[in-house]
Each structure stands twice: as structure tokens, then as C-alpha cells.
Amino acid sequence: MMTRQDILAVYEAGPEAVVALFEQMQQRLVALSARLRDIEARLGKDSHNSHKPPSSDSPFRKQTKSLRPASGTGGKKPGAQPGHSGQTLCQVARPDHRQSHRPSACVHCGHALDGVQSRTDPELAASTHRRQVFDLPPLALRVTEHEVLTLTCPQCHGTTTGAFPDAVSQPTQYGPGVLALAVYLRTYQLLPWRRTSELMQDLFGQAPCQATVAAAMETASAALAPVEEQIRAAIHQIPVVHFDETGLRAEAKLHWLL
């Protein structure tokens, strides 16, 4: 940065010194402008205007605004449009539980209906209304106690003691269902250790420790080793394998092409 004294010194040196200074500054300005254009061009590149993969796109990049009118405009009602295949619950033929709701008194004369048998004629049965509620059962751990018995042989009077199943090796332990859920939460839902423990504690009142879950993950990994080897062998036989995180946007979401 030139000071005021430096500029005055160039001025006093004569016109040639001033021209040389301006030429030097002009060359520097041209170089900086070119560098700025290069930086702006690189920052403006994404998966839509370059070979960069979608995974490198900035989450703060402004998305292109759709010209499609929002629901409720253009004469369309909000929600699913006619012809849309919706998803709804369907009644089951054999529910797990049934609750009958009997009327307590006659709506015509007020006579008590306690002990009155329900009619089963076809006309009444046809008018019976049924409603079904789908809900979760109470979430609680089910404890199974294993005990070995010692029996005396009536022939030789020797005693024989039973054996615990191979999977039952501790006085208290978590079963395969609990461990499978913990492994699923960690490896597929990608929950951290603490949140996995908190979720299971909130749902069941008990939660396996981190070491127990880690051991279960190792057991699951070892059990899946043959499957992984089959997948690896199948991949080696495929002529083209896509590992470049190729993706495209559809319905405002990013989808990966595998």
C-alpha cells in the first residue's frame, strides 16, 4: 500500500514516473479481475452445470423455484387429486381382541336391557357396525426364566442334570430380539450410542450398555460375512458398477442412481 508521501514522490518525479505507476497498477488490476472471475466461476459450479457429483452441492445453494402453482390454486382442491391411489387401513377378518358395546337401556321406553340376549337374526346381523383400531401393544420386556432340573434314574438311582441352551450363558442377559433392535437402531437408523440407549430406556424401561451393543454388532457382522462375500462376488461379475454417487432430483428430493 503506497502512502501519501510515496504518491507525492512519484508526482514530483515527473510525468513518466506517473505513467509507469499507472501502467503497473493497471496490470495488477487486470490480474486481480481475472482471478476474481475464476473464483466466482468455481464457486458457481455444482452438479447442474459441471461434472461435480450431487454430493458436493452446498446445502445452502438456492434451489430453482418451481413454476407449478401450489395446491388450492388454479381450481384444484388441497390434498390428493381424483384418481390418486391412496393408502388406508383395511379391516381384518380376525382381530386380536373384540369389545362389545351393549346398550344399557331401550331408547324407546327406557327399559333396562341388562341380561337381554342379543338377537342373531340375519336382518339385525346385517345392520351391525364394526370399527377396528390398530394400535401397539403395551411395550415391555418379557422375561423368560430358564431352569435346569436334576432327575434320579429309577433304574440305577443315578442323578442327571439338564443343560441350559447354548444361547443362555449368564444369570441375566438380553435376548436376541432386544439386541437385534439395538443393532438396527445403530447401523441402519444411524442413531448415536446415547440416543439408542435413551430410546430403548424410554420404550422398555431397560437398555443394554454400549459394550453389549458393540458385542452384538460384532456377532451380527460375523453372521453376515458369508452374505457379504456373495454380494462381493456378484459385484465382480457386473460389467459396470456405479460408485460415483450419481444422482438426480425428482419431486424436490435427491435420488441416487446405483
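Summary of the structure given here.

About the thresholds
Residues numbered from 1 in each chain as written. Predicted model: local features only at pLDDT ≥ 70, side-chain atom pairs only at ≥ 80, totals over all residues. Heavy atoms only, no water. Helix = DSSP H or I, 4+ residues; strand = E, 2+ residues; numbered from the N terminus. Buried < 20%, exposed > 50% of the residue type's maximum accessible area, 1.4 Å probe, protein only. Areas by Shrake-Rupley, 256 points an atom, 1.4 Å probe, with all protein chains shown as cover.

**A short note on the overall build of the chain**
Part 1 of the argument: Looking only at helices and strands, the chain features seven helices and four strands.
Part 2 of the argument: The helix and strand sequence of the chain, counted from the amino end, reads α-α-α-β-β-α-α-α-α-β-β.
Part 3 of the argument: Out of the 258 residues in the chain, the part that is buried amounts to 7%.
Part 4 of the argument: Here the chain has roughly 23,800 Å² of accessible surface; of this, 57% comes from carbon and sulfur atoms.

**Some words on the environment of C209**
Part 1 of the argument: Mapped onto the elements of the fold, C209 is located in the loop between α5 (193-204) and α6 (210-223).
Part 2 of the argument: C209 sits 13 residues away from T196 along the chain, and the two C-alpha atoms are 9.8 Å apart.

**A short note on unusual backbone geometry**
Part 1 of the argument: Despite not being glycine, H157 shows a phi value in the positive range, around 65°.
Part 2 of the argument: Here H157 shows up in the loop between β1 (150-152) and β2 (159-161).
Part 3 of the argument: One non-glycine residue, L190, lies in positive phi territory at about 60°.
Part 4 of the argument: Among the secondary structure elements, L190 is positioned in the loop between α4 (176-187) and α5.
Part 5 of the argument: Relative accessible area serves as the criterion here: at 64%, L190 is assigned to the exposed category.

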